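Okay, here's what each chain looks like letter by letter:
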Amino acid sequence: MTSGMRITWAPAGSGWVACTVEDHQVKVELTASRLGNAPVIPFPSSLSIT
């Protein structure tokens, strides 16, 4: 069985990102901010978990 979970994010202002977490039943949209002055780690703007 696979979870089919998908996480996407995009910049939404200085220090903020708009995030979407969804699977086949539910979709949640939220805005997140950085927690501190941690280094920026480059990563893709979406992730699928199967």
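Okay, so let's go over this structure. (Residues numbered from 1 in each chain as written. Predicted model: local features only at pLDDT ≥ 70, side-chain atom pairs only at ≥ 80, totals over all residues. Heavy atoms only, no water.)

Attention now goes to the overall build of the protein. Counting secondary structure elements, the protein contains zero helices and four strands. Each helix and strand of the protein, placed in order from N terminus to C terminus, yields the pattern β-β-β-β. Sorting the 50 residues of the protein into buried and exposed places 6% on the buried side. Residue pairs in contact within the protein that sit at least 24 positions apart in sequence constitute 35% of those at least 6 positions apart. For the protein, the accessible area works out to roughly 4300 Å², and carbon and sulfur atoms hold 61% of it. (Helix = DSSP H or I, 4+ residues; strand = E, 2+ residues; numbered from the N terminus. Buried < 20%, exposed > 50% of the residue type's maximum accessible area, 1.4 Å probe, protein only. Contact = heavy atoms within 4.5 Å. Areas by Shrake-Rupley, 256 points an atom, 1.4 Å probe, with all protein chains shown as cover.)

Once that is clear, we can look at the pairing of strand β3 (residues 27-33). In the case of a regular strand, side chains alternate between the two sheet surfaces. Note: strand β2 (residues 16-22) against β3, seven bridges, orientation antiparallel. Within β3, the position partnered with A18 by the bridge is T31. The loop that links β2 with its antiparallel partner β3 comprises four residues. (Pairing = 2+ DSSP bridges.)

A word on the pattern of salt bridges. Summed over all chains, the structure comprises one salt bridge. Here K27 ties to E29 by a salt bridge, and the two come within 3.6 Å at their closest N and O atoms. Just as K27 is exposed, E29 falls in that class too. (Salt bridge = Lys/Arg side-chain N within 4 Å of Asp/Glu carboxyl O.)

Just geometry here; none of it tells us what the structure is for.
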